[in-house]
Amino acid sequence: MSTLKTNAVTAQTTNSALTLTGNGSGLVTIGDGALTFPDADGSASQVIQTNGSGALSFATPAAGGGRILIGTDVAAGDASLDVTGLNSTYDAFEIEFSDITVGTDSVVQWLRVGDSGGIDTGSSDYMWTVEQINQNGTAAAAASAGDSKMVLSNAGNIGSATGEGWGGNFRLHRPGDGATVPMITGQSISKDDGGNIHSYVNAGFRNAVITLDRVQLLASSGTISGRMTIWGLKHG
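Residues numbered from 1 in each chain as written. Predicted model: local features only at pLDDT ≥ 70, side-chain atom pairs only at ≥ 80, totals over all residues. Heavy atoms only, no water.

Draft legend 1. Examining the sheet that holds strand β5 (residues 66-78) more closely. Reading across the sheet, the eight strands line up as β5-β17-β7-β13-β14-β15-β10-β11 and stay open at both edges, with antiparallel pairing between neighbours. The sheet is open, and its two borders are formed by β5 and β11 (139-147), each paired with just one other strand. Taken over all neighbouring pairs, the strand axes of this sheet differ in orientation by 10 degrees on average, direction set aside. Pairing analysis gives seven bridges linking strand β10 (residues 126-134) to β11, with the strands arranged antiparallel. Across the sheet, Thr129 pairs through a bridge with Ala143, a residue of β11. (Pairing = 2+ DSSP bridges. Helix = DSSP H or I, 4+ residues; strand = E, 2+ residues; numbered from the N terminus. Axes fitted to C-alpha atoms, helices over the stretch in contact; angles between N-to-C directions.)

Okay, structure coming up:
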């Protein structure tokens, strides 16, 4: 075995690659850990793995579930929060609404979905239920069998002053091109202009099977600020 001792190795020709090869069946070994590289390329999408003894090889990643970022939208006094890019790659989706503030007291949070043609706003496009309870144990419920949006909070329960607002975590229980109607469930919380807490259990769906690729959050009036992030979820 030959040994080259130097502080730098540079290709002779400008803009050319530096190639290291072994002689005959010999391989290239680099570093104090004596990492030995394979002498042939792997297949598309394979990764390099180690056997724990310095020998590197190409391998196909193990199949399994995962949580992949689809997109995020940040609003600062805007009309809505919108994320697109939902598709059939994933089996379900997680939707997180964080640090949501509104420009007007006592508004209601609305959720809408849509396809490549845009957000659906028909007068009977959605069916929804919302159950709410405050810190005194007072409960209230609301529902609709046909609406232009899914309602996520009750009227008068979101304040617009410093420290007041709304947030929640939701799931869309099907792929973008699923066989069922787009079903959404979640939990959310708000602080109103009187300092009261309100918690909500939400459920609803789009009243038709669509190739869903987008989600929108907006207030019943005025502006909205905060962040919406959506992750795709895959079964193992």
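Draft legend 2. Region of interest: the pattern of salt bridges. For the coordinates displayed, the defined rule picks out six salt bridges. Between Glu94 and Arg67 there is a salt bridge, with the nearest N and O atoms lying 3.0 Å from each other. Taken together, the positions of Glu94 in strand β7 (residues 92-102) and Arg67 in strand β5 put the pair 27 residues apart, joining distant regions of the chain. The exposure class of Glu94 is buried, given its relative accessible area of 10%. On the accessibility criterion, Arg67 (47% relative accessible area) is partly exposed. For Asp120, the salt bridge is made with Arg206, and the minimal N-O distance between the two is 2.9 Å. Of this pair, Asp120 sits in the loop between β9 (118-119) and β10 while Arg206 sits in strand β15 (residues 197-206); the two residues are 86 residues apart in sequence, bridging distant segments of the chain. Its relative accessible area of 13% is what places Asp120 among the buried residues. A network of salt bridges, in which partner residues are shared, links Arg67, Glu94 and Arg171. (Salt bridge = Lys/Arg side-chain N within 4 Å of Asp/Glu carboxyl O. Buried < 20%, exposed > 50% of the residue type's maximum accessible area, 1.4 Å probe, protein only.)

Draft legend 3. Quick peek at the environment of Gly71. Mapped onto the fold, Gly71 is located in strand β5. When the C-alpha atoms of Gly71 and Ile119 are compared, they prove to be 17 Å apart, with 48 residues separating the residues in sequence. Apart from the residues lying within four places of it in its own chain, the contact partners of Gly71 are Val83, Met228, Thr229 and Ile230. (Contact = heavy atoms within 4.5 Å.)

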